[in-house]
Amino acid sequence: FSGATLTDVTSQFSDFTGASFVNADVSGMDFTRSKIRGADFTGATVTSSTDFTDASFGGMTTFYDGKDWTDTDFFTNDLRGMKLVLDNENIENMDYSAAIDPRFVDLSESSMVLTIANGAIFRGNNLASAFLQQIVAAGIDFTGATLNDVVSQY
């Protein structure tokens, strides 16, 4: 999709894993409940009418400013209704506390399957209905976090 004009396109429940939207115009595009894990939006035109409600993205996703999810200015006050997928990622000793960065207050329904999370901090986060399966999590800190209906196995 690099360089494409995709304005006012509805593409709900789609899988754009690894897709390239480099320099594409996605203003007004509806990505509701789509997977954009590892997609590259470098230089893309993204506006407030671009709908990412319940879309899932991962640590390898690159946003329009060429940065990953922890450094992009795409997320201002929250994750815009998007679901974070950190499957097979290394987030060891990272601090995702709500007090550190308000974008991380609501990580409900996020996924951390096979994630290395030793020493990670989630103080005050909402992790309700998150998937924490087969994670390596020695010393993880959930102080004050909401952990209702979390799926955690192995």
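Scroll up for the structure.
Just so you know, these numbers come straight off a predicted model, no measurement behind them. (Residues numbered from 1 in each chain as written. Predicted model: local features only at pLDDT ≥ 70, side-chain atom pairs only at ≥ 80, totals over all residues. Heavy atoms only, no water.)

J.: Go over the nonpolar core, please, and point to the residues and values.
T.: In terms of nonpolar packing, the biggest core is built from 33 residues, with Phe 21, Phe 31 and Ile 36 touching the most fellow members. Excluding residues that lie within four positions of it along the chain, Phe 21 makes contacts with Phe 1, Ser 2, Leu 6, Phe 16, Val 26, Phe 31, Ala 39, Asp 40, Phe 41, Thr 42 and Ala 44. (Core = buried A, V, L, I, M, F, W, Y, C linked by side-chain atoms within 4.5 Å. Buried < 20%, exposed > 50% of the residue type's maximum accessible area, 1.4 Å probe, protein only. Contact = heavy atoms within 4.5 Å.)

J.: Give me the lowdown on the packing of aromatic side chains, citing residues and values where you can.
T.: Counting across every chain of the model gives 13 aromatic pairs. Aromatic pair Phe 57 and Phe 63: ring centres 5.8 Å apart, planes at 75 degrees, arrangement edge-to-face. On the numbers, 5.4 Å between centres and 80 degrees between planes, the contact of Tyr 96 with Phe 104 is edge-to-face. Phe 104 matches Tyr 96 in its accessibility class, with the two residues each being buried. Chaining the aromatic ring pairs together yields one cluster made of Phe 1, Phe 16, Phe 21, Phe 31, Phe 41 and Phe 52. (Phe/Tyr/Trp six-rings, centres within 6.5 Å; stacked < 30°, edge-to-face > 60°.)

In short, the description is geometric, and any link to function would need to be established separately.
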